[in-house]
Amino acid sequence: MTVRAPVSKLPDTGTTIFTVMSRLAEQHSAVNLSQGFPDFDPPARLIELVADALAHGRNQYAPMAGVTGLREAIAVGVAERFGSSVDPETEITITSGATEALFCAIIALARAGDEVIVFDPAYDSYEPAITLAGAKTVHLPLSGAAFAVDFDRLRDSLNARTRLVVINTPHNPTGTLLSAADRDRLAEVLAPYDCFVISDEVYEHIVFDRAGHAGILGHAGLRERSIAISSFGKTFHATGWKVGYAIAPAPLTQELRRVHQFCTFATATPLQCAIAAYLHENPRHYLELPEFYRAKRDYFLAAMEGTPFGFTPAQGTYFQLADYSSISDLPDVEFARRLTIEHGVATIPISVFYESPPASRLVRFCFAKERATIDEARRRLNDLQRLGL
Ligand code: GLN
């Protein structure tokens, strides 16, 4: 019997670039600075707490909305950072990574015929979820070298069908930040419309700019219509654990949970218990992250001095864009492929995050790496100029 291929619900969706590039890196034994993940471990104490949880019976289903102690610890952190209170019972949901939170939020809110606005370059999980919800993705490009939101263009794009606007700060893949003024402007532009905001803030603690993180929870007006999403994968160098969370007013949380309970039901119990215990012991862990990653960014930039890449230092995230226009005229997907195969360093081409890619020549490096990894990448890029691509 021949198996008939089903009519695809996502005909335009290929394999995510993170898988494509990590696989290529592995095939060619390249230094993998593509997919974003640290090459070092979470805090030793946190690993110990996971082992404790596993050994002490924390092995059955967690509550659907998440382990209570973890939700309480998140609420304490929000109160400290934003000076605003969130109710752990009705406003916080633990999810299996930010990816699940994004998916549940989008599926819960976007309906057939709705429009959802994203800003390009946009993280690649948003659009497939919007498509599965039957809604239409409206792509607005971030403008200029600063990747700024064009608020006039946003205003022109909003209409009665706009159901959701997805923002992301600190921004992947560009490493830029929305400012508090941008946040005010967003509130002002959205004011006449009955739409929601999803704010993807998974890198909220990895911010180098003195102005800090302008999280959606710090804006009383926007908060009412927003779902803020974060990830312990980034905060604890544990991307493989897939523990994230969503914070939203109770009526939005209720809708998100309606999807979450049938998407995963609950997230890994021992991980949740361990993170809760760690946050209890060390509630200010996140304060170490800006310096920790700033040092990594600066080490990466210093190491890359003398290569023909051009850099504008990232303001946040653990990603650094690099302009390769003085090396090659190749489109970025091909450039990144050949850099991996011929020079042994894997990066992420950023055109894949656009509906209409600009003419710029940019790839993204992940600098969440040990110095030895960066040194090895640098060594392999030594002859880049001479060989060219
Ligand atoms: N967010 C990570 C990145 O930007 C990858 C996540 C994934 O592979 N799904 O590289």
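In this text the structure is predicted, and so the values were computed from the model without any measurement. (Residues numbered from 1 in each chain as written. Predicted model: local features only at pLDDT ≥ 70, side-chain atom pairs only at ≥ 80, totals over all residues. Heavy atoms only, no water.)

Q: Explain the overall build of the protein chain to me, please; I cannot follow it from the model alone.
A: In terms of regular secondary structure, the protein chain is built from 16 helices and twelve strands. For 389 residues, the compact-globule estimate of 2.2 N^0.38 gives 21 Å, and the protein chain sits close to it at 21 Å. A principal-axis box enclosing the C-alpha atoms of the protein chain has dimensions of 60 × 60 × 50 Å. Going through the 389 residues of the protein chain one by one, you find that 55% of them count as buried. Here the contacts in the protein chain between residues at least 6 apart in sequence split such that 76% fall between residues at least 24 apart. Roughly 17100 Å² of accessible area belongs to the protein chain as shown, and the carbon and sulfur atoms make up 52% of that amount. Of note, the protein chain has its 36 positive side-chain charges centred 2 Å away from the centre of its 45 negative side-chain charges. (Helix = DSSP H or I, 4+ residues; strand = E, 2+ residues; numbered from the N terminus. Rg over C-alpha atoms; globule rule 2.2 N^0.38 Å. Buried < 20%, exposed > 50% of the residue type's maximum accessible area, 1.4 Å probe, protein only. Contact = heavy atoms within 4.5 Å. Areas by Shrake-Rupley, 256 points an atom, 1.4 Å probe, with all protein chains shown as cover. Lys, Arg positive; Asp, Glu negative; His and termini not counted. Charge placed at Lys NZ, Arg CZ, Asp CG, Glu CD.)

Q: For this particular structure, what's the right way to read the packing of aromatic side chains?
A: To describe a pair of aromatic rings, one takes the distance between the centres and the angle between the planes. For the structure shown, the criterion picks out 23 aromatic pairs. Over the ring of Phe319 we find Arg364, and its NZ or CZ is 3.5 Å from the ring centre. Directly above the aromatic system of Phe37 lies the positively charged group of Lys369, at a separation of 3.9 Å from the ring centroid. (Phe/Tyr/Trp six-rings, centres within 6.5 Å; stacked < 30°, edge-to-face > 60°. Lys NZ or Arg CZ within 6 Å of the ring centre and 35° of its normal.)

Q: Mind showing me how you'd approach the packing of helix H2 (residues 44-55) against helix H12 (residues 269-281) here?
A: Between two packed helices, the angle of one axis relative to the other and the distance separating the axes together describe the packing. With their axes 8 Å apart at the nearest point, H2 and H12 run at an angle of 135 degrees to one another. By the angle between their axes, H2 is oblique relative to H12. Considering the relative orientation of H2 and H12, their crossing is right-handed. Together, Arg45, Leu46, Leu49, Val50, Ala53 and Leu54 of H2 and Pro270, Leu271, Cys273, Ala274, Ile275, Ala277, Tyr278 and Glu281 of H12 make up the contact between the two elements. (Axes fitted to C-alpha atoms, helices over the stretch in contact; angles between N-to-C directions. Parallel < 35°, antiparallel > 145°, perpendicular 65-115°, else oblique. Left-handed = near helix turned anticlockwise from the far one by under 90°.)

Q: What's the story with unusual backbone geometry in this structure? I'm lost.
A: The general pattern is negative phi for most residues beyond glycine and trans for most peptide bonds. Residue Pro121 follows Asp120 across a cis peptide bond; omega there is 5 degrees. At the junction of Thr169 and Pro170, the peptide bond is cis and its omega measures out at -15 degrees in the coordinates. Structurally, Pro170 can be placed in the loop between strand E5 (162-168) and helix H8 (180-190). Phi is positive for Phe265, which is not a glycine, with a value near 70 degrees. Considering the arrangement of structural elements, one finds Phe265 in the loop between helix H11 (250-263) and H12.

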